[in-house]
Amino acid sequence: MRHREHHRTHRTGWLRASVLGANDGIISTASLLVGVAATGADAKTILITGVASLVAGSMSMAAGEYVSVSSQADTENADLAREKSELAENPKQEHAELTAIYVKRGLEKSLAASVATQLMAHDALAAHARDELGISDTLAANPVQAALASAATFAVGSALPLIVALLLPASVRLWGIAAGSLLALAILGFVASRVGGSSALVPVARVTFWGALAMGTTALVGALFGVAA
């Protein structure tokens with residue numbers, strides 16, 4: 001029977017953007033609401049604050065991801081164009097470079113040269129992109145995918161503490177937002193670890209720690225100065 005392997009490397013692009021978006025959505029909106037709630041603000045003020053955070057944050061995440069990943073894509077495309085030119089101008093030197101890479105990875109020189117010859121005959125640019133530059137179709141930058149994933153998950157993450165804030169009475173609102181958001185962060189860390197195939201303990205501890213720190217800080221600012229942090 002054919003041996004089937006299940007790798008998760010192909011998920012790194014959208015998974016990174018999704019986790020970043022959801023994490024930022026929960027932490028930033030929850031921290032903002034906790035800071036505002038600590039001032040004794042009414043439900044209407046909290047609603048306006050939360051919705052503004054959700055909309056502005058989602059657009060900011062989309063723009064930030066698109067710009068940053070586009071910069072990565074521009075760099076990759078520039079390197080590929082340069083490599084294509086070098087292959088056309090000096091194929092022997094490029095063959096020697098590829099051979100040296102395979103020798104360094106453990107192949108005998110004659111075998112490395114043969115592998116380099118066959119791969120370059122099949123698709124020289126793809127071979128150099130993958131083994132010399134570290135660029136592949138699986139890991140290549142995708143600005144649109146990153147922007148959409150980050151914006152969508154930020155909106156979902158922001159909605160969670162906002163819903164909690166609107167459902168709870170003023171007497172327990174601050175603590176309810178904090179507890180609900182920390183629970184959401186723990187679930188996010190667990191789900192991300194499962195999707196990525198890693199252990200859950202460290203991701204869960206990491207996101208809950210930073211979330212607690214952010215909310216604690218804004219609550220302190222709100223209580224001391226009576227302004228939204």
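Every chain is numbered independently, its residues counted from 1 as its sequence is written. In view of the model being predicted, local features appear only for residues whose pLDDT reaches at least 70, and side-chain atom pairs are presented and counted only at 80 or more, with totals across whole chains, interfaces and linings using the full set of residues. No hydrogens and no water enter the side-chain calculation; it runs on all heavy atoms of the structure.

Colleague: It is not clear to me how the pattern of salt bridges should be interpreted in this structure. Could you clarify?
Modeller: Side chains carrying opposite charge are able to pair once their charged atoms draw close together. Criterion for a salt bridge: a side-chain nitrogen of Lys or Arg within 4 Å of a carboxyl oxygen of Asp or Glu. Applying the stated criterion across every chain, the model contains three salt bridges. The salt bridge involving Asp 131 is made with Arg 130; its shortest N-O contact spans 3.6 Å. You can call Asp 131 buried: its relative accessible area is 13%. Through salt bridges with shared partners, a single network forms among Arg 105, Arg 130 and Asp 131. Remark: exposure states derive from per-residue accessible area (1.4 Å probe, protein chains only) relative to the maximum for the residue type, with buried under 20%, exposed over 50%, and partly exposed in between.

Colleague: What is the right way to read the packing of helix 2 (residues 43–89) against helix 5 (residues 143–167) from this model?
Modeller: Each pair of packed helices can be summarised by the angle the axes make with each other and by the distance between the axes. Fitted lines through C-alpha atoms serve as axes, helices being fitted only where they are in contact, and the angles separating the N-to-C directions of these axes extend from 0 to 180 degrees. Under the scheme used here, helices are H or I runs from DSSP no shorter than 4 residues and strands are E runs no shorter than 2 residues, and both carry numbers assigned from the N terminus. Viewed as axis vectors pointing N to C, helix 2 and helix 5 meet at an angle of 165 degrees, and their least axial separation amounts to 8 Å. With respect to each other, helix 2 and helix 5 are oriented roughly antiparallel. Remark: the crossing between helix 2 and helix 5 carries right-handed chirality. Working rule for angles: under 35 degrees goes down as roughly parallel, over 145 as roughly antiparallel, 65 to 115 as roughly perpendicular, anything else as oblique. Left-handed is the label given to a crossing in which the near helix is rotated counterclockwise from the far helix by less than a right angle, and right-handed is the label when the rotation is clockwise.

Colleague: I would appreciate a short explanation of helix 4 (residues 109–131) in the present structure.
Modeller: Residues spaced three or four apart along an α-helix point in a common direction, a consequence of the helix completing one turn every 3.6 residues. Here a helix's expected span is defined as the number of its residues, less one, multiplied by 1.5 Å. The terminal C-alpha atoms of helix 4, which comprises 23 residues, lie only 16 Å apart, well short of the 33 Å expected from a rise of 1.5 Å per residue. Asp 123 marks the point of greatest bend in helix 4, at about 120 degrees. Buried within helix 4 are the following residues: Ala 112, Ala 116, Met 120, Ala 124, Ala 127, His 128, Ala 129 and Asp 131. Here a residue-residue contact requires only that any non-hydrogen atoms of the pair lie within 4.5 Å. Residues of helix 4 that are buried sit in contact with helix 2 and helix 3 (91–104). Bend at a given residue is defined as the angle between two axes, one fitted to the seven residues that end at that position and one fitted to the seven that begin there.

Nothing here speaks to function; it is all geometry.
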